[in-house]
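Notes for the structure review
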Amino acid sequence: MKEITVLPCHDSKRKVKVPDIPLFKYLPDLKDELDKNLISKEEALRLYRAMILQRAFEYTIRDLDNKRLVPYEGFEFRGSTHLSVGQEAAQTGAICALTRDDYIAVHHRAHGHCLSKGIFAYDEMSDDELKDVLSTADENEFSVEKYDNLLAAVVDYHLYRMVAEALGKETGYCRGRGGAMHIADFSVGHLGANAIVGGGYPIATGAALAVSKLNENRVVLCAIGDGSMNNGVAHESMNFATMAQ
Ligand SMILES: Cc1ncc(C[n+]2csc(CCOP(=O)(O)OP(=O)(O)O)c2C)c(N)n1
């Protein structure tokens, strides 16, 4: 029979030593990265465009929320929203490391994740796949002739569907039922933003379990805020994820 000690050791006074925790270890700037060919100019511009788009999108949401922007008649911005102005690099950077097949389950400040998950997935798509994305769009509003190219039309349609969701319209990503804080797009692996603080952990864990059981080659990214660690489901999910399934 296997014997294990279950009693705590109270026999000696001891100290727990915590090693130094390194902060801000990575100091090079973009010029260093370009000089060392760690990133190409094209890739840097691609990421920068996604970040600028995110900032512009969030300022639009902010202005709809504070009524500085007044939508057309029949459109109304409802519910609360959370922005992530200043966190564009973190969100864009995290998503650009994924492929279109990878999953994300994200938190309440996730317009940027949604935006980037779409536009980086479109970069990987063939023309036929891009046309497929546009197949649900209004042909007059999103006719490719109006744009520089097919990709530009698809990106515009992506932004349109995000704003439509924020305005509670049927053409939104979740048919207007979710609002700006609950955008999901399964077609590009976006399993949903979540207003419940910590709500993304079990979704990400479940997706990862499915990936592992189905023997798929996908990564699951779960975006969290530090406050979410106070929700029990965070610990339950991480405990579950670290067990031998
Ligand atoms: C389960 C739950 N509790 C409380 C809230 C209210 N709430 C919304 S945002 C937030 C703060 C979350 O903090 P953190 O995860 O660190 O993200 P931050 O907003 O600071 O970026 C709280 C408590 C909520 N949405 N869900």
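It should be emphasised that the depicted structure is a prediction, and the values quoted were computed from it without experimental measurement. (Residues numbered from 1 in each chain as written. Predicted model: local features only at pLDDT ≥ 70, side-chain atom pairs only at ≥ 80, totals over all residues. Heavy atoms only, no water.)

**Description of the layout of surface pockets**
Put simply, the rule reads: Any residue with an atom within 4 Å of a point lines the site, the site being either a cavity, points on a 1 Å grid over the protein atoms alone where a 1.4 Å probe fits but cannot get out, or a pocket, an open set with protein on both sides within 12 Å along at least 5 of 7 lines. Grid points are joined across faces, edges and corners, and a volume is the space filled by probe spheres set on the points. Secondary structure elements are defined from DSSP: runs of H or I of at least 4 residues count as helices, runs of E of at least 2 residues count as strands, and each element is numbered from the N terminus. Side-chain classes are defined by residue name, with Ala, Val, Leu, Ile, Met, Phe, Trp, Tyr, Cys and Pro counting as nonpolar, Asp, Glu, Lys and Arg as charged, and the others, Gly among them, as polar.
Of the volumes computed, that of the largest pocket is approximately 420 Å³. In this structure, the largest pocket is lined by 14 residues; those nearest its centre are Tyr72, Phe75, Tyr160, Val163 and Leu167. Counting residues per element, the ones that place at least two in the lining of the largest pocket are α2 (41–65) and α6 (150–166). Ranked by residue count, the leading element in the lining of the largest pocket is α6, at four residues. The residue makeup of the lining of the largest pocket, split by class, is twelve nonpolar, one polar and one charged.

**Things to note about the site of the ligand**
What counts, and what does not: To be near a molecule or strand, a residue needs just one of its heavy atoms within 4 Å of it. Polar contact is defined as a pair of N or O atoms within 3.5 Å, subject to the rule that within protein one atom must be able to donate a hydrogen and the other to accept it, and that residues adjacent in sequence are counted only when both atoms are side-chain atoms. Residue-level accessible areas treat just the shown protein chains as cover; the underlying method is Shrake-Rupley with a 1.4 Å probe.
What surrounds the ligand is the set His108, Arg109, Ala195, Ile196, Val197, Gly225, Asp226, Gly227, Ser228 and Asn231. Within the contact set of the ligand, an oxygen atom lies 2.8 Å away from a side-chain nitrogen or oxygen of His108. Within the backbone of Ala195, a nitrogen or oxygen atom sits 2.8 Å from a nitrogen atom of the ligand. Calculation on the ligand without its partners gives an accessible area of 580 Å², and the protein chains cover 52% of this total. Each residue belonging to the shell around the ligand can be placed in one class, and the counts come to three nonpolar, five polar and two charged.

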